[in-house]
Amino acid sequence: MKNPKKIRRPKSELPFRLNLIFFVVFALLLLLVGQLGYLQILYGSKLQAVVNRTDNTVETNNVQRGVIYDSTGKVLVGNTAHQAISYTKGANVMAQDMFNIANTLGKYLEANDTELSRTDIANYLLADSKNSKYYEKKITNRENLSSKAVQEKEIDYIKNSDIKLSSKEENAARIFKIMNGAYQLSTVYIKETDVSSKELSEIGEHLSEMPGVKISTSWTRSYPEGNDIKSLAGTVSSSKTGLPSDEVNTLLAEGYARNDSVGQSYLEKQYESVLKGTKSQTAIQVSSGGQIVKKVQQYAGKKGDNLVLTINSKFQEEVQKIMKEASKNAGGQSTGGYAVVMNPKTGAVIALAGADRNPSTGKMTDNVLGTINEPIVMGSVVKGATISGALMDGVITPSNNTLIDEPIKVAGTGSKSSWFNSTGSANMSVDASRALEVSSNSYMMQLAMKEGGFKYSSGASLSGMNPNVFNKLRGYFEQFGLGTKTGIDLPGESSGFKGPTGSANIGKALDLSFGNYDAYTTIQVAQYMSTIANGGYRVAPHVVEQIRSSKQNGKMGAVQKTVSPTVLNQVDMTSAQRKLVTDGLYDVVHGSNKYKTGGPLAGISPGISAKTGTAQTTTNGKTTVTLSLASYAPSNDPQVVVALALPGLSTNAESDNMTAAKKIYAAYWKYVQSKSTLTNPTKATSETAAQNLNSN
Amino acid sequence: MERMNSRVARKDDSSRIDYGIIFPVLMLAIIGLASIYVAATHDTSATSILRQVVSQLVWYVLGIVIVTVIMQFDSKQLWKLAPIVYGIGLLLLVLVLFLYSRAYAANTGAKSWFALGPFTFQPSEVMKPAYILMMAKVITVYNSKVKERTVRSDWKLIGTMILWTLPVPILLLLQHDFGTMLVFIAIFAGLVVVSGVTWRILVPSFVGMVVLGSSTLMLVATSWGQSFLSKLGFESYQFARIDNWLHPASDTTNSGYQLWQSMKAIGSGQLFGKGFNVSNVNVPVRESDMIFSVIGENFGFVGSVVLIGLYFLLIYKIIQVIFDTKNEFYAYIAVGVIMMILFHVFENIGMNIGLLPLTGIPLPFVSAGGSALIGNMIGVGLIMSMRYHYYSYSKTGLEQKADF
């Protein structure tokens, strides 16, 4: 060997190396098969689940909200369509794409003038890769930072700089901000209202340059009969304000999107599930570029169902005006006026009127729902329930119910008496009906003492009276609806206000008996009078008569549901017992006693039965009265109940309640029911109603 | 041996055509056309579905013409042609640096495409067979000169090979075409192995490369390593690709999106696939480099293994040709073609399933794209010509001396 490094190899070296290459081929291809098996067999079902989650996406679109009609078919709450510009964010849309779209759209559309924070400006600028590269150079030490950290530093840099955008850029940045805030495959309105026709046509021509941008329709609530109805109908959240913050988590769990409209108060809230409708569902196919290529509508969506109210809007407007004027004209310390007009047999509320008055400024504010959420000490108006309770308790009977009206003197308190007999000079014997006619406080107090198992003698201490009397009195009141929730189909109903009880307050039981202690809402008074008028059925008031679907043309469609009267309880009285009370209420207006309290109502035709009330109150440190009234008409066949309250009147305002009632009845017979229906004695409606009551 | 018998048995002209090569290529072509149809059906593109499929078909027809032409060249003619085509290839690679398609470069970042009207052409694709021819000649010449092999002479051979190779990766780096450069390195490595270089060089070299490769990976995967590499001139998108490869599901919004979509598509194909023309996952630009995602999604594990099996069959048939023809020059050409196909298949499928980082490497005979197909068809043509002319020699008794 000349060279020790010489290599001797057999001639067969090449075939061996070819086989080696072949083996490497085999090994590498086997490696691919191995990884494929891992990915497709071991991991396949997991990845399939991921695919199902992200790529088969369903886009939902809002539908028109249901309309609210009054009982005569007038639209109270409707929808106004607006041409709007919306943006649907595709899957995996890059910031750069949105930056470009925002700039293009900004050329044609003037965005709403919203606040732009420094962060918004930074987000906008950095969405552009050119800008991003430019600002990246400003970051020192960027080589040692992750790309995320660099990005954060870039945002900080712009935030702390005095970089100003041109007005064009600002406009685009506002658009970008909205687009950037959208979730993948969700739609946001870039401009919801007030898009000019020039903007519309220009955007329409350039839509193809702006993937995801659409001209669409947005809806806002409209009130063709005036905004007053808002205080009954309530409001809906707009897509701008988003879901109400206190309920946002609950609503998101129910499938709402953050920019959905949702009923925020009153009817809109109570009937949200009916009014909202069902969103349309569209299956989306996303292209490789993250743009939407194919849309297959899976469900066309269903416009919200409509509400038909029991409210007669014309009459409602009148009653609202009457109560407003009553409170306004009373002036002084008047804090408002509230009235409920309802059908005693069905519980249908025909008018629900309320207005608050600020005694110091005199400013009037519509507050229809004050009728269900403002408890008021009503005064003698409750006496029908006191007498009914005593009859049920057995302390008086239809054959034995005469007592002497005299001032009541008990130890420790001043004398309490009827309004006409404060000194005892007008002592007279009264039966139950007479006690109602003249509004005898003394009679009521004596009934309370009897129910409390206390034998009255002048000057005796009430300490012997059983404190359970509060429960007894209130129990009877509640059978009529006083001091308990009436079950009206509106949120936020108050059950009233109950004063403290027990031995220490035992004297207050006497005040309770004639309505000068606990506070009741106006709707409770209406329910109480309805219960008397309809023969002892406590019917839940309701403002929604029907739920009806929408036809294609947007008109009212088929009836989905008709609200039937709900009887909450039945008052267990004999007809003889009831007659004592109804006779008394009739005599309040039509009686012959010189002390009858409702004489001024006698002129109302057809004739009514009523009970007035006066409660001594203190408003802003001044002695005032609350004048109230509960009534039904016609006396012989009650079709309508009117209850009203005017708190905070001056002590000499003797008949404001009756003046208002007269006007309300006049309006009722003019706008709601024709008197001619009464002369025809078929009484179809009342019979049907009575059957309804019995079937419940 | 069996092949001795067959050589005697098959003497007619038709037996000179290697159907063992044609069959897998034909099958791959059919799979490719079907996959392009699926991709085109589900993606938005300005060009119609029909046009995309038909234009690929036209490239195939052109490829078949080229195969037929190349088959006419015997080994002597190929021997003479080698330096010429190598020179033309280099010239094209230089030209493309000045005449590259601006629009394409803006889209892909690589200055490696000519564009003439609607036609685009990537010269590096045809450079691959030209390079293979040239290297085969260089090795054969060197081995015939050196009768006594020493470690020194082996180093000299490697040095010569590197000298002939070097212009190519340099030009490709200038084009920003890192992926294609890797193909040449793979061909180079395969040829070094078969050129007869001693194990004393090969083993330490491969161990060294493994160490270098894994330490590079470590550099890329750590932030201090990245800042070190960026000082050496690597670009951030290259790190991003490695990052995405290591953590496919971590950032699916930007650069990792394509890989993650591809993995979801293939994985959700599961064992038997979703069936032909079903696509629930949209993989960006899948008609070219990501075409395997269509096959994986539609035909599942079974279909994918069949595809890989076709490549295996093709390579097996090529190796069979080497053994049958017993021609050293042919052997080097064939190994070059094998390495070219192998690297494409391994890298392409590997990157589709998250085994390897993303690079712009198409799947041979399947991916849409004319130049890559022509490059591969030239390779097929070279192999076909070997069998064709080997029998013509055997007929005329002018059998080449095989240095086996």
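Treat the numbers as computed from the prediction; the structure is a model and nothing was measured. (Residues numbered from 1 in each chain as written. Chains lettered and ligands numbered in written order. Predicted model: local features only at pLDDT ≥ 70, side-chain atom pairs only at ≥ 80, totals over all residues. Heavy atoms only, no water.)

A.B. asks: Mind showing me how you'd approach the overall build of chain A here?
C.D. replies: When helices and strands are tallied, chain A shows 24 helices and 20 strands. Here chain A, with 696 residues, has 52% of them falling under the buried criterion. Taking the intrachain contacts of chain A between residues at least 6 apart in sequence as the baseline, contacts between residues at least 24 apart amount to 72%. A total of about 30500 Å² of accessible surface is found on chain A, and carbon and sulfur atoms cover 49% of it. (Helix = DSSP H or I, 4+ residues; strand = E, 2+ residues; numbered from the N terminus. Buried < 20%, exposed > 50% of the residue type's maximum accessible area, 1.4 Å probe, protein only. Contact = heavy atoms within 4.5 Å. Areas by Shrake-Rupley, 256 points an atom, 1.4 Å probe, with all protein chains shown as cover.)

A.B. asks: Got a minute to help me understand the nonpolar core in this structure?
C.D. replies: Grouped burial of nonpolar side chains is what soluble globular proteins tend to show. Membership of the largest hydrophobic core comes to 123 residues, with the highest contact counts inside it found for Ile333(B) and Phe365(B). Among the elements that line this core, the one with the most residues is helix α15 (residues 328-352) of chain B, at 18 residues. Apart from the residues lying within four places of it in its own chain, the contact partners of Phe365(B) are Val25(B), Leu28(B), Ala29(B), Gly32(B), Tyr60(B), Tyr311(B), Leu314(B), Ile341(B), Leu373(B), Asn376(B), Met377(B) and Val380(B). Counting 84 residues, the second largest nonpolar core, distinct from the first, contains Leu275(A), Ile488(A), Ile523(A) and Val581(A). (Core = buried A, V, L, I, M, F, W, Y, C linked by side-chain atoms within 4.5 Å.)

A.B. asks: Explanation requested: the pattern of salt bridges in the structure shown.
C.D. replies: Any two side chains of opposite charge can pair, given that their charged atoms come close. Overall, the coordinates contain 24 salt bridges over all chains when judged by the stated rule. Salt-bridge contacts for Asp18(B) lead to Arg387(B); the nearest nitrogen and oxygen are separated by 3.2 Å. Here Asp18(B), found in the loop between α1 (2-9) and α2 (19-42), pairs with Arg387(B), found in helix α16 (residues 370-396); they are 369 residues apart in sequence, far enough to count as distant. One salt bridge connects Arg149(B) with Asp154(B), and the closest N-O pair in it is separated by 3.0 Å. Considered together, Arg149(B) and Asp154(B) belong to a single accessibility category, that of buried residues. The structure contains a network of salt bridges with shared partners spanning Arg65(A), Arg221(A), Glu268(A) and Glu272(A). (Salt bridge = Lys/Arg side-chain N within 4 Å of Asp/Glu carboxyl O.)

A.B. asks: Would you mind going over the environment of Gly475(A) with me for this structure?
C.D. replies: With respect to the secondary-structure elements, Gly475(A) resides in helix α18 (residues 469-480). Here the alpha-carbon distance between Gly475(A) and Gly389(A), two residues 86 residues apart in the chain, equals 8.4 Å.

A.B. asks: What am I meant to see in the pairing of strand β3 (residues 75-88) of chain A here?
C.D. replies: Side-chain direction in a regular strand flips from residue to residue, so the side chains alternate between the two faces of the sheet. Residue and element names in this part refer to chain A. A large share of β3 lies buried, amounting to ten of its 14 residues. The pairing of strand β2 (residues 68-69) with β3 spans two bridges and is antiparallel. Of the residues in β3, the one forming a bridge with Ile68 is Val77. Counting the residues that bridge the hairpin from β2 to β3 gives five residues, and of these Gly73 lies at a positive phi of roughly 90°. (Pairing = 2+ DSSP bridges.)

A.B. asks: So what exactly am I meant to see when it comes to the sheet that holds strand β20 (residues 640-649) of chain A here?
C.D. replies: Picture the strands of a sheet paired through backbone hydrogen bonds; they go either parallel or antiparallel. Residues and elements named next belong to chain A. Strand order in the open sheet made by the six strands is β11-β10-β9-β20-β19-β18, with antiparallel pairing throughout. Edge strands, defined here as strands with exactly one partner in the open sheet, are β11 (364-366) and β18 (609-619). Strand-to-strand, the axes of this sheet are offset by a mean angle of 15°, without reference to chain direction. As judged from the eight bridges shared by strand β19 (residues 622-633) and β20, these two strands associate in the antiparallel manner. Within β20, the position partnered with Ala630 by the bridge is Ala643. (Axes fitted to C-alpha atoms, helices over the stretch in contact; angles between N-to-C directions.)

A.B. asks: Hey, could you run me through α2(B) in this one?
C.D. replies: What sets the pattern is the α-helix's 3.6 residues per turn: residues three or four places apart point alike. In this model α2(B) runs 35 Å from its N-terminal to its C-terminal C-alpha over 24 residues, within 8% of the 34 Å that 1.5 Å per residue would give. Between the side-chain oxygen at the start of α2(B) and the backbone nitrogen of Gly20(B) there is a gap of 3.0 Å, and the oxygen is on Asp18(B). (Expected span 1.5 Å × (residues − 1). Polar contact = N/O pair within 3.5 Å; in protein donor to acceptor, adjacent residues only side chain to side chain.)

A.B. asks: What should I look at first to understand a nonpolar patch on the surface in this one?
C.D. replies: All names here are of chain B. Judged by side-chain polarity, Tyr19, Ile22, Phe23, Leu26, Met27 and Ile30 come together as a nonpolar surface patch covering roughly 570 Å² of accessible area. Its location among the elements puts Ile30 in helix α2. Judged by its relative accessible area of 48%, Ile30 is partly exposed. (Patch = residues over 30% accessible without salt bridge, like charges linked within 9 Å, V, L, I, M, F, W, Y side chains within 5 Å.)

A.B. asks: In this structure, what is going on with unusual backbone geometry? I would like to understand it.
C.D. replies: The phi torsion of most residues other than glycine is negative, and most of the peptide bonds are trans. All names here are of chain A. Geometrically, the link from Ser605 to Pro606 is a cis peptide bond, its omega value of -10° lying close to zero. Structurally, the position occupied by Pro606 is in the loop between α21 (575-590) and β18. A cis amide bond links Ala633 to the next residue, Pro634, at an omega of -15°. Structurally, Pro634 is set in the loop between β19 and β20. At Asp194, a residue that is not glycine, the phi angle is positive and equals roughly 60°. Relative accessible area serves as the criterion here: at 67%, Asp194 is assigned to the exposed category.

A.B. asks: When you look at the packing of aromatic side chains in this model, what are you seeing that I'm missing?
C.D. replies: What characterises a pair of aromatic rings is the spacing of the ring centres plus the angle enclosed by the ring planes. A full pass over the atoms with the stated rule returns 22 aromatic pairs over all chains. Residues Phe16(A) and Trp199(B) carry aromatic rings whose centres are separated by 6.3 Å and whose planes lie at 75° to one another, so their mutual orientation is edge-to-face. Of the two residues, Phe16(A) sits in helix α1 (residues 13-42) while Trp199(B) sits in helix α10 (residues 199-221), which places them in two different chains. The class of Phe16(A) is partly exposed, set by a relative accessible area of 46%. Measuring from centroid to centroid gives 5.9 Å for Tyr135(A) and Tyr157(A), while their planes differ by 50°, and the two rings are tilted. Of this pair, Tyr135(A) sits in helix α5 (residues 129-136) while Tyr157(A) sits in helix α6 (residues 147-160), and the two are 22 residues apart along the sequence. Through a chain of ring-to-ring contacts, three or more aromatic side chains come together here, namely Phe22(A), Phe26(A), Phe312(B) and Tyr316(B). The side chain of Arg17(A) reaches across the aromatic face of Trp199(B), ending 4.4 Å from its centre. (Phe/Tyr/Trp six-rings, centres within 6.5 Å; stacked < 30°, edge-to-face > 60°. Lys NZ or Arg CZ within 6 Å of the ring centre and 35° of its normal.)

A.B. asks: Looking at this structure, I do not really get the packing of helix α15 (residues 383-393) of chain A against α18(A). What am I missing?
C.D. replies: The description of two packed helices rests on the angle between their axes and on the distance between the axes. Residues and elements named next belong to chain A. Relative to each other, α15 and α18 sit at 115°, their axes nearing to 9 Å. As judged from the angle between their axes, α15 and α18 are roughly perpendicular. Seen from above, α15 lies across α18 with right-handed handedness. Residue-level contacts link Ala385, Thr386, Ser388, Gly389, Met392 and Asp393 of α15 to Lys472, Tyr476, Phe477, Gln479 and Phe480 of α18. The residue inventory of the contact of α15 with α18, partitioned by class, reads five nonpolar, four polar and two charged. (Parallel < 35°, antiparallel > 145°, perpendicular 65-115°, else oblique. Left-handed = near helix turned anticlockwise from the far one by under 90°. Nonpolar A, V, L, I, M, F, W, Y, C, P; charged D, E, K, R; others polar.)

A.B. asks: Just checking my understanding: could you explain the confidence of the model for chain B for this structure?
C.D. replies: In regions of low pLDDT, the predicted coordinates are not meant to be interpreted in detail. Residue and element names in this part refer to chain B. With 80% of its residues at a pLDDT of 70 or more, chain B has an overall mean of 82. Contacts for the low-pLDDT stretch residues 395-403, under 50 throughout, to residues beyond four places or in other chains number 16 contacts. Both scores are given for the predicted complex: the pTM is 0.57, the ipTM 0.87. (pLDDT = per-residue confidence, 0-100.)

A.B. asks: Can you walk me through the pairing of β20(A) in this structure?
C.D. replies: All names here are of chain A. Burial analysis of β20 places ten of its ten residues in the buried class, the great majority of the element. In this sheet, β20 lies alongside strand β9 (residues 336-342) in antiparallel orientation, the contact comprising five bridges. By the bridge assignment, Ala339 is partnered in β20 with Leu644. Two successive antiparallel strands, β19 and β20, enclose a turn made up of six residues.

A.B. asks: Explanation requested: the UniProt feature "transmembrane region" (unreviewed entry) in chain A in the structure shown.
C.D. replies: UniProt marks residues 20-43 of chain A with the feature "transmembrane region" (unreviewed entry), using the numbering shown here. What you have in residues 20-43 of chain A is 96% helix and 0% strand, and the ends, taken at the C-alpha atoms, are 33 Å apart. (UniProt positions renumbered as here; feature names shortened; annotations may be inferred.)

A.B. asks: Please explain the confidence of the model for chain A as it appears in this structure.
C.D. replies: Residues and elements named next belong to chain A. Looking at chain A, the pLDDT average stands at 85 and 90% of residues meet or exceed 70. Across chain A, element-level confidence peaks in helix α20 (residues 522-533) with a mean pLDDT of 96 and bottoms out in helix α24 (residues 684-695) with 43. Contacts for the low-pLDDT stretch residues 1-11, under 50 throughout, to residues beyond four places or in other chains number 20 contacts. Every residue in residues 680-696 is under pLDDT 50, and counting partners more than four places away or in other chains gives 15 contacts.

A.B. asks: Is there a simple way to think about the environment of Lys137(B) in this case?
C.D. replies: Residue and element names in this part refer to chain B. Assignment of secondary structure puts Lys137 in helix α6 (residues 123-145). Judged by relative accessible area, Lys137 falls into the buried class, the value being 17%. With 191 residues separating them in the primary sequence, Lys137 and Glu328 have C-alpha atoms 9.5 Å apart. Contacts of Lys137, omitting those with residues within four sequence positions, involve Trp79, Ala82, Pro83 and Phe329.

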